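Listed below, chain by chain, are the residues.
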Amino acid sequence: MAFRWKNNLTHADVTPEPIWLNRRAVLAGMAGAGALGGSVAAQESLEPNTWEEITTYNNFYEFGTGKSDPADNAGDMVTDGWEITIDGMVDNPGTFSLADLTADMTMEERLYRFRCVEAWSMVIPWNGFELADLLNKAGVQSGATHVAFETAVLPDVMPGVRRRVIEFPYVEGLRLDEAMHPLTIMATGVYDRPLANQSGAPIRLVVPWKYGFKSIKSIVRITLTDEQPKTSWNDINAREYGFYSNVNPEVDHPRWSQASERVIGGGLFAARQDTLMFNGYPEVASLYDGMDLSVEF
Amino acid sequence: MSAVIDTLNAALRKVPAWSLYILLTLPIPYLFYSAATGGMGVEPINALEREMGELGLKLIILGLAITPLRKYLKLNLLKFRRAIGVMAFVYVAVHLGIWVVLDMSLRFEQMWSDIWKRPYITIGMVAFLGMIPLAVTSNNLSLRKMGAAAWRKLHKLVYPIAVLGGVHYIMVQKVWEVEPMVFLAVILALLATRIKWATKARTAPGV
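Note that this is a predicted model, so its numbers are computed, not measured.

*Asks:* So what exactly am I meant to see when it comes to the overall build of chain B here?
*Replies:* Summing up its helical and strand segments, chain B has eleven helices and zero strands in all. Each helix and strand of chain B, ordered N terminal to C terminal, gives the series α-α-α-α-α-α-α-α-α-α-α. Rg of the C-alpha trace for chain B: 19 Å, near the compact-globule value of 17 Å for 207 residues, within the 12% margin. If you line up chain B on its principal axes, its C-alpha atoms span 50 × 40 × 35 Å. Taken across its 207 residues, chain B has 43% of its residues classed as buried. Put simply, of all contacts in chain B between residues at least 6 apart along the chain, 69% involve residues at least 24 apart. For chain B, the accessible surface area stands at approximately 11,400 Å², while carbon and sulfur atoms represent 71% of it.

See below:
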């Protein structure tokens, strides 16, 4: 994709309004989207967490298991000259510099809910581009069904890797249709600033309708495959962490309920809030038509 | 070594046991203040909840250490044991209170199902319930009314409570963390010092 074709028409010009509204709902993650439809209105009411909250309360086990460990320990990771390998069932495999990879991507701001499997949540103004654009550029071959991702393993700067708290590299994966969904983005920033190291600099996945651990950080490899890839938490404890890990208030984690969540930043006396199906992104429901989400959780 | 212990014992004799109630209560308002003013990070509820639970468990461990310390080091902390035990209960009660009020926002239905469905919460709750009769009887009147033998027997309940507390702490973690396992190992070691080995001649009347 050398350039992005633009026109002056909008979806409103060609599409019956209800469908157009629905399409807008899909794109509702964009900050500043007009007040169109309930889902968009709900998005507009989202109050983003502060930069401090977003960057001091993290899970990034490469840097330790405590919530403040990543902020304390990730500073030494050098992200200059970062390279990402795209391989597997693609037409244009190779290892690319981050700059080359993102040069012709359309950057957007997406205000997304972020729900951790530990039943806390934030609202984060990501900057990034649709993963679908990157995959289309790579040229996904027919027959590919899944996308696998891998985090950097840098033992010199990652104390968690040295302690081997889990098996590294951290790996994650999506089904191809999930990866191609317009809500799925590759993020390179927050609040128009480059990602903090603890947030997964220089580039990470964001899949807003799934638990946070699916949104793998500091990616070095993206592989297209024809089988469901191994994913770290599923590998550690399959009973507790499924491959899909869609946010679902009706399917409890074996050790805690997922019906409600604590919103980070509310202080000591903020009440818990109800967790929304698919974390409040019902437009992805059709991806799972015919599946029993309590079995394929 | 024994000179140091003697000096220590002499010094401790002058410290009134009630001072421990004051000393051990002070961290509670301090920690709440710290949590409310940002000293515990952007998610203060979980941090505070964990801190209280950890301190409660540490006090239980300290209470369990008193007998072996006397037996093996001749260090006498016996008069502080009641205050340590009562304050352990206070910390565990605050830990539970934070879960009920601040963490779960009084969602009783969800809490009730959590208590039954989540083994680590079940275990924690059982340990707390087990502490209630100990806290209630930690006064001279109860000791007199029950008789020393029955009272001592009841207070051995702290042994299973300590183990449940240690297991609860390990199970809260997402992965096998070192610190909670050290806690449980220390608890088990302290309990092991109480085993009356059949072959070993008894020299001190350890409780």
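So, next bit.
*Asks:* Explanation requested: unusual backbone geometry in the structure shown.
*Replies:* Trans peptide bonds make up most of the peptide bonds, and negative phi angles are found at most residues other than glycine. The omega angle of the peptide bond from Phe-168 of chain A to Pro-169 of chain A is 5 degrees, so this bond is cis rather than trans. Here Pro-169 of chain A is to be found in the loop between helix H8 (159-163) and strand S6 (171-175). For the bond from Ala-201 of chain A to Pro-202 of chain A, the omega torsion is -5 degrees, close enough to zero to count as cis. For Pro-202 of chain A, the position within the fold is in the loop between strand S8 (193-194) and strand S9 (204-206). Of note, Asp-192 of chain A is a non-glycine position whose phi angle comes to about 60 degrees, a positive value. As for its placement among the helices and strands, Asp-192 of chain A is situated in the loop between strand S7 (185-190) and S8. In this structure, Lys-74 of chain B takes a positive phi of about 60 degrees despite not being glycine.

*Asks:* What is the right way to look at the confidence of the model for chain A in this model?
*Replies:* In low-pLDDT regions, the fine details of the predicted coordinates are not to be read closely. The pLDDT averaged across chain A works out to 88; a share of 85% of its residues lies at or above 70. Note that residues 1-41 of chain A has pLDDT below 50 and, in this model, 47 contacts with residues that lie over four places away or in other chains.

*Asks:* What is the right way to read the side chain of Glu-177 of chain B from this model?
*Replies:* Relative to the assigned elements, Glu-177 of chain B resides in the loop between helix H10 (158-172) and helix H11 (178-192). Of the side chains with opposite charge, Arg-163 of chain A comes closest to the buried, unpaired Glu-177 of chain B, at an N-O distance of 4.1 Å. Of note is the side chain of Glu-177 of chain B, whose polar atom sits 2.8 Å from the side chain of Thr-65 of chain A. Leave out the neighbours within four places in its chain, and Glu-177 of chain B touches Thr-65 and Arg-163 of chain A.

*Asks:* Can you walk me through the pairing of strand S5 (residues 146-151) of chain A in this structure?
*Replies:* Put simply, side chains in a regular strand alternate between the two faces of the sheet. Residues and elements named next belong to chain A. Burial within S5 is extensive, with five of its six residues counted as buried. Summarising the sheet, S5 and S6 pair through five bridges and their orientation is antiparallel. The residue of S6 that forms the bridge with Ala-148 is Gly-173.

*Asks:* Hey, could you run me through the UniProt feature "binding site: Mo-molybdopterin" (unreviewed entry) in chain A in this one?
*Replies:* All names here are of chain A. Residues annotated in UniProt with the feature "binding site: Mo-molybdopterin" (unreviewed entry) correspond here to Asn-58, Tyr-61, Glu-62, Cys-116, Thr-151, Arg-204, Ser-215, Ile-216 and Lys-217. Tracing the backbone shows Cys-116 in the loop between strand S3 (108-115) and strand S4 (120-130). Beyond its immediate sequence surroundings of up to four residues, Cys-116 is in contact with Asn-59, Tyr-211 and Gly-212. Owing to a relative accessible area of 3%, Ser-215 belongs among the buried residues under this scheme. Once residues within four sequence positions are removed from consideration, Ser-215 is found in contact with Phe-114, Arg-204, Leu-205, Val-206 and Val-207.

*Asks:* Got a minute to help me understand a positive patch on the surface in this structure?
*Replies:* Residues and elements named next belong to chain B. There is a patch of like positive charges on the surface, built from Arg-70, Arg-81, Arg-152, Lys-156 and Lys-196. Summarising the element assignment, Lys-156 is placed in the loop between helix H9 (148-155) and H10. Owing to a relative accessible area of 36%, Lys-156 belongs among the partly exposed residues under this scheme.

*Asks:* Sorry if this is basic, but what is going on with the UniProt feature "transmembrane region" (unreviewed entry) in chain B here?
*Replies:* Within the UniProt annotation, "transmembrane region" (unreviewed entry) is assigned to residues 18-35, 55-73, 80-100, 120-136, 157-176 and 182-199 of chain B. In this annotation, residues 80-100 of chain B is assigned 95% helix and 0% strand; the end-to-end C-alpha distance for the span is 30 Å.

*Asks:* I keep staring at the pattern of salt bridges and nothing clicks. Help me out?
*Replies:* Close approach of charged atoms allows side chains with opposite charge to pair. By the definition in use, this model includes 21 salt bridges over all chains. For Lys-174 of chain B, the salt bridge is made with Glu-118 of chain A, and the minimal N-O distance between the two is 3.1 Å. One end of the pair, Lys-174 of chain B, is in the loop between H10 and H11; the other, Glu-118 of chain A, is in the loop between S3 and S4, on a second chain. In this structure, Glu-172 of chain A engages Lys-214 of chain A in a salt bridge whose closest nitrogen and oxygen atoms are separated by 2.8 Å. On the criterion of sequence distance, the pair formed by Glu-172 of chain A in strand S6 and Lys-214 of chain A in the loop between S9 and strand S10 (219-225) is long-range, its members being 42 residues apart. Of the residues examined, Glu-172 of chain A reaches a relative accessible area of 1% and is grouped as buried. Using a relative accessible area of 1% as the deciding quantity, one classes Lys-214 of chain A as buried. Among the charged side chains, a salt-bridge network with shared partners connects Asp-252 of chain A together with Asp-114, Lys-117 and Arg-118 of chain B.

*Asks:* Is there a simple way to explain the pairing of strand S11 (residues 260-263) of chain A in this structure?
*Replies:* Residue and element names in this part refer to chain A. Here S4 pairs with S11 via two bridges, running parallel. Following the sheet pairing, Ser-121 is matched in S11 by Val-263. Looking at chain direction, S11 and strand S12 (residues 273-274) are connected through two bridges and run antiparallel. Bridging across to S12, Ser-260 finds its partner in Asp-274.

*Asks:* Hey, could you run me through the packing of aromatic side chains in this one?
*Replies:* Pairs of aromatic rings are described using the distance from one ring centre to the other and the angle between the two planes. Residues and elements named next belong to chain A. Counted according to the given criterion, the structure contains 13 aromatic pairs over all chains. Between Tyr-112 and Tyr-281 the ring centres are 5.7 Å apart and the planes differ by 75 degrees, which places this aromatic pair in the edge-to-face class. Of this pair, Tyr-112 sits in strand S3 while Tyr-281 sits in the segment after S12; the two residues are 169 residues apart in sequence, bridging distant segments of the chain. Tyr-281 matches Tyr-112 in its accessibility class, with the two residues each being buried. Ring plane angle 85 degrees and centroid distance 5.2 Å describe the contact between Phe-243 and Tyr-244, whose orientation is recorded as edge-to-face.

*Asks:* What am I meant to see in the sheet that holds strand S2 (residues 94-97) of chain A here?
*Replies:* One key point about sheets: their strands pair by backbone hydrogen bonds, in either a parallel or an antiparallel sense. All names here are of chain A. Strand order in the open sheet formed by five strands is S2-S1-S10-S5-S6, with mixed pairing between adjacent strands. The open sheet is flanked by S2 and S6, the only strands paired with a single partner. The sheet shows a mean angle of 20 degrees between the axes of neighbouring strands, taken without regard to direction. The strands touched by helix H7 (residues 131-138) within the sheet are strand S1 (83-88), S5 and S10, with S10 carrying the most contacts at an inclination of about 65 degrees.

The rules we used
Residues numbered from 1 in each chain as written. Chains lettered and ligands numbered in written order. Predicted model: local features only at pLDDT ≥ 70, side-chain atom pairs only at ≥ 80, totals over all residues. Heavy atoms only, no water. Helix = DSSP H or I, 4+ residues; strand = E, 2+ residues; numbered from the N terminus. Rg over C-alpha atoms; globule rule 2.2 N^0.38 Å. Buried < 20%, exposed > 50% of the residue type's maximum accessible area, 1.4 Å probe, protein only. Contact = heavy atoms within 4.5 Å. Areas by Shrake-Rupley, 256 points an atom, 1.4 Å probe, with all protein chains shown as cover. pLDDT = per-residue confidence, 0-100. Lys, Arg positive; Asp, Glu negative; His and termini not counted. Salt bridge = Lys/Arg side-chain N within 4 Å of Asp/Glu carboxyl O. Polar contact = N/O pair within 3.5 Å; in protein donor to acceptor, adjacent residues only side chain to side chain. Pairing = 2+ DSSP bridges. UniProt positions renumbered as here; feature names shortened; annotations may be inferred. Patch = residues over 30% accessible without salt bridge, like charges linked within 9 Å, V, L, I, M, F, W, Y side chains within 5 Å. Charge placed at Lys NZ, Arg CZ, Asp CG, Glu CD. Phe/Tyr/Trp six-rings, centres within 6.5 Å; stacked < 30°, edge-to-face > 60°. Axes fitted to C-alpha atoms, helices over the stretch in contact; angles between N-to-C directions.

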